[in-house]
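Below are the chains, spelled out letter by letter.
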Amino acid sequence: MKKLLSVSALTLALTACGGGSSTDKTPDVKVEQNTAPTLSGSLTLSAKALESTNLVVDLKDEQNDSVTTTIIDKPEWLTVTTSSNQVTFSAEPSLFEVANHAFTLEVSDGKASNQYTLIVNVAENRAAWQPIELSNSEVMGNWQSSDGSVQLSFATEDTGVIAQNGELSRFDWSNPDVIALNTQAIDCLHECNQQTLLEMEVLAKRDDAIRVELFNVSTDKGEVVTLYKSNTELSSAYYVDMDDNTFHMVNHLNTEGEESYFEVSIASYIPTASGSTTSFPYAEFSATLEGKTLAINGDKFITNSYANQLNKEGYEVNVEFDLNLVNAEVVAQFDNFAVLKLQHVLSYHDETDAANIVESEELTEAMKVQTSVVALQKLTPIAVPELKVGKTYTGRLNNKNSDTGEGLTLRYLPSFFTITAADTVTVTFNTPISTDSFKWHYNLDNNGDTIKVTGNGLDTSLQFFTQPDGKTLMVRERNKEERQARLGYEFIEVIDDSTITLDDYKHLFSYLRQDYTSGNLKTYWFINDDGKGSFYYADQYGLENRANFTPNTYWQFEADNSISFAMMSQCPSAFDYSSCKDEVLGDDENLYASLINFKIIHKEADKFIFDRLFWQRIYNYSDKEVEENIYQNSYWLGIEK
């Protein structure tokens, strides 16, 4: 009790001394802190296309404030509703939304907020599919998936080009209940074999896209994909033909107002009195781009052809036709390829023929304007690859005819060369009538971007490119006097001779080029163990009849591990290659005589690059004299299985 009184007295004393104003305190008022609202529960919504689905999660705000829920970048097919203690998400996706989506979600009471991630997984709903028919005009144009795995160009009302996972194909198409695509090899131009049959069923459409199922009838498998209209502006680029060949035509699309140039194969069909004939001439032209149209500069003449026709007296006469380019257009440009549409027309070279020929329905149809669709693969310029001294590479440096000095004309120079020093390259070739090799030397001036090559009458430069498949092309500079496009050659290191064996040649080979022989014919090559071999030029002598091949050549395995052939018909007295060769070379009266040598210069699984040297003695009717020529080319050949 005494202690309490003492404290009170002290308090009074302090007050009396005037200290009250400095020591008075206002009682603390307790302020409640605001907290951001929170959500609890799974924020993953699983939905099906064309169905409505809801997801409800719990909402809590400690202060019971009014809360708003916002979906950042919310699509129209997704809605959100907020109540006092729940948030409801409603999804009604279309077929275009089939995918896994992630959205940023914000809940706020106006003073504080929290963010979450809302996952919406939209699955296919095959039960709700209702196929849609499109008109041809709606189908026409260019389409691609968002990831580029499917790219389509409906270039005309019956032809186009498709790329699936980087593999290019041509196709013929029709549009009944479903859009049917009959795909073929990209480099086949006429009477092409079907590769696959794709049925494209349209499931949904909007202004900029269609949702389709690409169903492969051959494999009984389908792929559902959204295709978007592709209307990108054209850009300058280099392009190359897609022939399975060791040399290529390199084209340039220039969008900067300068000259573009092209050289592409087309198919020209002429009905005849006794059948038909198809040729595959090159359409060479330079042009200036106007929008997507290639305004052709200069002459539009492509080539001339002869075909037998019936005249009005009932006789067959040989008629000359001219093939002319009408117009050209770039119809599509994707990341790795472009599509050209060329229109061309046949006409009588001599208009007097028109009055004398009985025109059949087929001929009348053939002389209407025809359209060719051509796909070209994009090239990427690169620096000059490392050239190793002592190594040999594929590629042709010179293209002009050359005289060997012994009355023998070399029509095409060898398709490989050897780096003999840092600034020197040597080309070597042999002939069947000489034991000595011919060697030509060229100087190299390498600035890293191009190589200038001079010597032996050659003055040109080389540039290097890569194709989408990673292969390298060595490309000569353009010579407009020779041709519109530039010539490119596959640039590969030649394999060591010692790795080649006779067994490498003991297969049934065929040329891989679609256009090497006309129509559907292939060139088959096969050798037997008795020094005899076979060459055939028709499918009916193919795989199933290989046991019945009648030998028509002698062969010999050479010291450089190449193989030589001589046709038996040219040497009736011979018994092996050596005696046949001597008989052919010793008979000056034997015209159209020939000897052939093949050498493997590159291997790639069951595909090979062969260098082919073809010696021939022919009669030149223009000069009225016998000529001996050598043609040297390289070809891809594949093993038939």
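Residues numbered from 1 in each chain as written. Predicted model: local features only at pLDDT ≥ 70, side-chain atom pairs only at ≥ 80, totals over all residues. Heavy atoms only, no water.

## Some words on the overall build of the chain
Looking only at helices and strands, one finds six helices and 45 strands in the chain. Going through the 641 residues of the chain one by one, you find that 45% of them count as buried. Of all intrachain contacts in the chain linking residues separated by at least 6 positions in sequence, the fraction that spans at least 24 positions is 52%. For the chain, the exposed area adds up to about 32200 Å²; of that, 46% sits on carbon and sulfur atoms. (Helix = DSSP H or I, 4+ residues; strand = E, 2+ residues; numbered from the N terminus. Buried < 20%, exposed > 50% of the residue type's maximum accessible area, 1.4 Å probe, protein only. Contact = heavy atoms within 4.5 Å. Areas by Shrake-Rupley, 256 points an atom, 1.4 Å probe, with all protein chains shown as cover.)

## With respect to the nonpolar core
F285, L294, F321 and L342 are the most contacted members of the largest nonpolar core, which has 32 residues in total. Going through the elements one at a time, β17 (237–240), β19 (260–265), β22 (282–290), β23 (293–297), β24 (301–310), β25 (316–333), β26 (337–348) and β27 (370–382) are the ones with two or more residues in this core. At six residues, the largest contribution of residues to this core is made by β25. (Core = buried A, V, L, I, M, F, W, Y, C linked by side-chain atoms within 4.5 Å.)

## A word on helix α6 (residues 577–586)
By the burial criterion, the buried members of α6 are Y577, S579, C580 and V584. The arc that holds every buried residue of α6, seen down its axis, measures 165°, which confines them to one face. Residues of α6 that are exposed and point more than 90 degrees away from the buried face comprise D582 and G586. Along its buried surface, α6 packs onto β41 (553–557), β42 (563–567), β43 (593–604) and β44 (607–620). (Arc of directions from axis to C-beta.)

## Side note on the confidence of the model for the chain
Residue-level pLDDT values for the chain average 87, and 90% of them are 70 or greater. For residues 1–22, every residue scores under 50 in pLDDT, and the model assigns this stretch one contact once sequence neighbours within four places are set aside. (pLDDT = per-residue confidence, 0-100.)

## Thoughts on a nonpolar patch on the surface
Nonpolar side chains collect at one region of the surface, where L591, Y592, Y621 and V626 lie side by side and expose about 420 Å² of accessible area between them. Residue position: V626 is located in strand β45 (residues 625–639). Its relative accessible area of 43% is what places V626 among the partly exposed residues. (Patch = residues over 30% accessible without salt bridge, like charges linked within 9 Å, V, L, I, M, F, W, Y side chains within 5 Å. Salt bridge = Lys/Arg side-chain N within 4 Å of Asp/Glu carboxyl O.)

## Description of the pairing of β45
Across the 15 residues that make up β45, a large majority, 12, are buried. Bridge count between β44 and β45: 14 bridges; the pairing is antiparallel. Of the residues in β45, the one forming a bridge with I618 is E627. Between β44 and β45, which follow one another and run antiparallel, lie four residues, and K624 among them has a positive phi close to 55°. (Pairing = 2+ DSSP bridges.)

## Overview of the packing of aromatic side chains
Under the counting rule described, the total for this entry stands at 24 aromatic pairs. Aromatic pair F334 and F337: ring centres 4.9 Å apart, planes at 35°, arrangement tilted. As far as the burial class goes, F334 and F337 line up, both buried. Ring plane angle 45° and centroid distance 6.4 Å describe the contact between Y505 and W525, whose orientation is recorded as tilted. Residue Y505 is located in the loop between β37 (486–490) and β38 (509–511), and its partner W525 is located in strand β39 (residues 524–527); the two are separated by 20 residues in the primary sequence. By relative accessible area, Y505 is classed as buried at 0%. Exposure remark for W525: the relative accessible area of 2% places this residue in the buried category. These aromatic residues form a ring-pair network of at least three members: Y505, F509, W525, F557, F565, F598, F608 and F610. (Phe/Tyr/Trp six-rings, centres within 6.5 Å; stacked < 30°, edge-to-face > 60°.)

## Notes on the pairing of β17
Bridge count between β17 and strand β18 (residues 247–253): four bridges; the pairing is antiparallel. If you follow Y239 over to β18, its bridge partner there is N251. The loop that links β17 with its antiparallel partner β18 comprises six residues. As defined by bridge partners, β17 adjoins β27 across three bridges and the pair is classed as antiparallel. Bridge assignment links Y238 to a residue of β27, and that residue is L379.

## Brief notes about unusual backbone geometry
Its identity as a non-glycine residue notwithstanding, D220 has a phi of 60°, on the positive side. Owing to a relative accessible area of 59%, D220 belongs among the exposed residues under this scheme. The phi dihedral of A605 falls on the positive side, at around 55°, and the residue is not glycine. Within the secondary structure layout, A605 lies in the loop between β43 and β44.

## Considerations on the state of the cysteines
Under the defined criterion, the tally for this structure stands at two disulfides. Each sulfur of the disulfide joining C571 and C580 lies 1.9 Å from the other. Here C571 and C580 share a disulfide; its torsion about the S-S bond, -85°, makes the bridge left-handed. Counting only the cysteines that take part in disulfides, in the order they occur along the chain, gives the pairing 1-2, 3-4. (Disulfide = S-S within 2.5 Å.)

## Let's talk about the pattern of salt bridges
Close approach of charged atoms lets side chains of opposite charge pair. Enumeration over the complete set of coordinates arrives at 18 salt bridges. K480 is paired through a salt bridge with E259; the nearest N and O atoms lie 3.7 Å apart. On the criterion of sequence distance, the pair formed by K480 in the loop between β36 (472–476) and β37 and E259 in the loop between β18 and β19 is long-range, its members being 221 residues apart. Bridged by salt links that share partners, the residues E259, R478 and K480 form one connected network.

## Some details on the environment of N182
On the secondary structure map, N182 appears in strand β13 (residues 179–185). A residue is classified by how much of its surface remains accessible, and N182, at 24% relative accessible area, is partly exposed. When the C-alpha atoms of N182 and G160 are compared, they prove to be 9.9 Å apart, with 22 residues separating the residues in sequence. Other than its neighbours up to four places away in sequence, N182 contacts R170, F171, D172, Q194, T196 and L197.

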